[in-house]
Amino acid sequence: MLTAGNPVFARLWASGTVAAHREDRKTIEHPKAGLVEVDCDVLTDGDSELKIVILTASRPAARTRPD
């Protein structure tokens, strides 16, 4: 669990407050799947360098596993 190792992060996470939320779309080159387009969400608390980066496949077809 992310909150177990950092009491500051645990407090911020429990508060539900996010100072900044950025969205972007990126292309990642996977060694087997080739180019994969992902949506990138970055959440920050605004007062530190703590960030949570979430990458999700932007298209349903990109969510399948390569053979």
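Calculation rules
Residues numbered from 1 in each chain as written. Predicted model: local features only at pLDDT ≥ 70, side-chain atom pairs only at ≥ 80, totals over all residues. Heavy atoms only, no water. Helix = DSSP H or I, 4+ residues; strand = E, 2+ residues; numbered from the N terminus. Buried < 20%, exposed > 50% of the residue type's maximum accessible area, 1.4 Å probe, protein only. Contact = heavy atoms within 4.5 Å. Salt bridge = Lys/Arg side-chain N within 4 Å of Asp/Glu carboxyl O. Patch = residues over 30% accessible without salt bridge, like charges linked within 9 Å, V, L, I, M, F, W, Y side chains within 5 Å. Areas by Shrake-Rupley, 256 points an atom, 1.4 Å probe, with all protein chains shown as cover. pLDDT = per-residue confidence, 0-100.

### Comments concerning the overall build of the protein chain
Regarding its fold elements, the protein chain presents 1 helix and 3 strands. Seen in sequence order, the protein chain has helices and strands lined up from the N terminus as α-β-β-β. Expressed as a percentage of its 67 residues, the buried residues of the protein chain come to 15%. Looking at the protein chain alone, contacts between residues at least 24 apart form 22% of all its contacts between residues at least 6 apart.

### Observations concerning the pattern of salt bridges
Counted under the stated rule, the structure contains 3 salt bridges. The residue Asp 24 makes a salt bridge to Lys 26 at a minimum N-O spacing of 3.7 Å. For Arg 25, the salt bridge goes to Glu 37, with nearest N and O atoms at 3.7 Å. With Arg 25 in strand 1 (residues 20-30) and Glu 37 in strand 2 (residues 34-44), this residue pair connects regions lying 12 residues apart in the sequence. Beyond isolated ion pairs, a larger network of salt bridges with shared partners links Arg 25, Glu 37 and Asp 39.

### Some remarks on a nonpolar patch on the surface
A contiguous nonpolar patch, built from Ile 28, Val 53 and Leu 55 and spanning about 250 Å² of accessible area, is present on the exposed surface. You can see Leu 55 is positioned in strand 3 (residues 51-57). What makes Leu 55 partly exposed here is its relative accessible area of 46%.

### Examining the confidence of the model for the protein chain
Detailed reading of predicted coordinates is not advised where the pLDDT is low. Per-residue confidence for the protein chain gives a mean pLDDT of 78; residues scoring 70 or more make up 73%. Mean pLDDT across the elements of the protein chain ranges from a minimum in helix 1 (residues 7-15), with 82, to a maximum in strand 2, with 87.

### As for the environment of Gly 16
Counting through the fold element by element, Gly 16 comes out in the loop between helix 1 and strand 1. Sequence separation of Gly 16 and Asp 45 is 29 residues, and the distance between their C-alpha atoms is 9.9 Å.

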